[in-house]
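# Fold and contact review
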Amino acid sequence: MFISDCLGINDKGNLTIGGCDTLELVQRYATPLYVMDEQQLREHCRQYRSSIEKYYGGNGLVAYASKSFCCKAVCRLAMEEGLGLDVVSGGELYTAMSVGFPAQRIFFHGNNKTPQELTEALEYGVGQIVVDNLTELELLNQLAKSQERVARILLRVKPGIDAHTHNFIRTGQIDSKFGLALETGEAMQAVKAAAALDWVQLVGLHCHIGSQIFDIAPFEETARVMLRFMAQIREETGLELTMLNLGGGFGIQYLPEHDPKPYETYMDGVSRTVHSECEKLGMKIPFIVIEPGRSVSGPAGITLYRVGSVKEIPGVRTYVSVDGGMTDNPRYALYQAEYEMLVANKASQPKTQKVTVAGKCCESGDLLGENIPLQQAVPGDVLAVLATGAYNYSMSSNYNRLPKPPVVFVRDGKARVVVKRETLEDLIRNDCE
Ligand SMILES: Cc1ncc(COP(=O)(O)O)c(C=O)c1O
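Residues numbered from 1 in each chain as written. Predicted model: local features only at pLDDT ≥ 70, side-chain atom pairs only at ≥ 80, totals over all residues.

Let us look at the packing of helix α2 (residues 38-56) against helix α9 (residues 263-281). Across the interface, α2 lies against α9 with an axial gap of 10 Å and an inter-helix angle of 30°. Overall, the two elements α2 and α9 adopt an arrangement that is roughly parallel. Considering the relative orientation of α2 and α9, their crossing is right-handed. Judged by residue contacts, Gln-47, Tyr-48, Ser-51, Tyr-55 and Tyr-56 of α2 engage Tyr-263, Glu-264, Met-267, Asp-268 and Ser-271 from α9. Here the residues of the contact of α2 with α9 sort into five nonpolar, three polar and two charged. (Axes fitted to C-alpha atoms, helices over the stretch in contact; angles between N-to-C directions. Helix = DSSP H or I, 4+ residues; strand = E, 2+ residues; numbered from the N terminus. Parallel < 35°, antiparallel > 145°, perpendicular 65-115°, else oblique. Left-handed = near helix turned anticlockwise from the far one by under 90°. Contact = placed C-beta atoms within 7 Å. Nonpolar A, V, L, I, M, F, W, Y, C, P; charged D, E, K, R; others polar.)

What follows is the structure in structure tokens.
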């Protein structure tokens, strides 16, 4: 009935998550509130891990893309589930290291890593630095030399695949700020440059074609292109790369009409391509890494808000305003990302109206959605936005000096705070007199 398995309705007609009544959660922790079902997070990790076992005989790794939702608790959870980690900043790296995440299982991404971030990554012994461009390659070589430590690297390649998703979350095509293009020869130039450097060890390639992708074909085509490039590298340089990181991007269900493929289907399709292509090219199957983010954390989360005002503009629309907004979920304002919503305390009632859900920020574009089917909402109701586990908390801001909501993990009917609510004092903590 719901887009996420962790949701239900109890005998009071209230929405539940992980066996907890959302109204009780709100009473205890107030609103706005991020809630994540821990069991579902763990199950997603396990499904990916077991499919690596099944399709690559364990010759691979699932690196959770922490940008989708990063805090100490989720880094710890990924570590406990035996995953690797994709980080993209000194902050994500620091969070991971603060819980003792094994550095060898970390992939450090980014199109403009600072010298300080690279230095820290080297000091921590990060297993794979994913080099984005030639300037970074040179810089990393110098930094590694000064630490007398060889940096293990992958090169980020743009495979030239145009995945059909929103412009802002497409990354595999030539016009992207990420990585080195194949078509222009830039990627091969970087391979040769890396091979000639003393303080970097090129072990493989990385690519990521975008996010929220439903088709399997672009993933299969990407694997094919990347493997052919690895064969070309072997031919031109004699270098046999041993690792191929195929990125993340698997789509999830945000709306009832979305129909993402089960993870197994992606893994099956891509692994068939990998096996057959390697055979054709006479190559050993490389160590395969995948980096799912949204599909691990997204479906496991919801956000709960209190409805404040309901403003009906006759013949125009009805605004239902909540006590959060683009500060805790900027995705509608950024790229019209759509969500399913419901009134948590009327979860078993039919949705009889279509409304615009607005946040409380001083910005007309501060909307969480338009044309949203919803139960009759009145001030005081609790609004639930579903599948907000990815790119919500991690993209939140303090615009209008709104404190960030807390994150609560629920499991088997029990709840625990994993990120505290920010206080007003937190907001002025770094202000100088
Ligand atoms: C390099 C890289 N890997 C993995 C991901 C995770 O993508 P998703 O959350 O769509 O699985 C991203 C997302 O932007 C990315 O840039």
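That covers the picture; the talk isn't over yet.
Quick look at the environment of Gln-128 now. Tracing the chain through its elements places Gln-128 in strand β8 (residues 128-131). Gln-128 gets classed as buried once you count the C-beta atoms within 10 Å, which come to 27. Here the alpha-carbon distance between Gln-128 and Phe-229, two residues 101 residues apart in the chain, equals 20 Å. In contact with Gln-128, other than residues within four places in its own chain, are Phe-107, Arg-152, Ile-153 and Leu-154. (Buried ≥ 20, exposed ≤ 12 C-beta atoms within 10 Å, placed from the backbone.)

This part takes up the domain arrangement of the protein. On domain assignment, one finds that the protein holds domain 1 (7-37 + 299-428) and domain 2 (109-292). A separation of 36 Å is found between the C-alpha centroids of domain 1 and domain 2. Of the residues assigned to the side of domain 1 that touches domain 2, the class counts are five nonpolar, no polar and two charged. (Domains from an automatic or database assignment.)

Attention now moves to the sheet that holds strand β2 (residues 15-17). As summarised here, the arrangement of the three strands in space is β1-β2-β3, forming an open sheet in which the pairing is antiparallel. Both edges of this open sheet fall to β1 (7-9) and β3 (20-21), since each of them pairs with a single strand only. Here two bridges tie β2 to β3, and the two strands are oriented antiparallel to one another. For Thr-16, the partnering residue across the bridge sits in β3 and is Asp-21. (Pairing = 2+ DSSP bridges.)

Within the element layout of this structure, Leu-402 appears in the loop between β19 (382-386) and β20 (407-411). Along the primary structure Leu-402 and Met-79 are separated by 323 residues, whereas in three dimensions their C-alpha atoms are 32 Å apart.

On to helix α8 (residues 217-237), then. Helix length check: α8 (21 residues) gives 30 Å between terminal C-alpha atoms against 30 Å at 1.5 Å per residue, within 8%. Listed as buried for α8 are Pro-218, Phe-219, Glu-221, Thr-222, Ala-223, Val-225, Met-226, Leu-227, Phe-229, Met-230 and Ile-233. In this structure, the buried residues of α8 make contact with β9 (151-158), α7 (186-195), β11 (200-206), β12 (243-245) and α9. Directly after α8, the chain includes Gly-238, whose backbone phi takes a positive value near 80°. (Expected span 1.5 Å × (residues − 1).)

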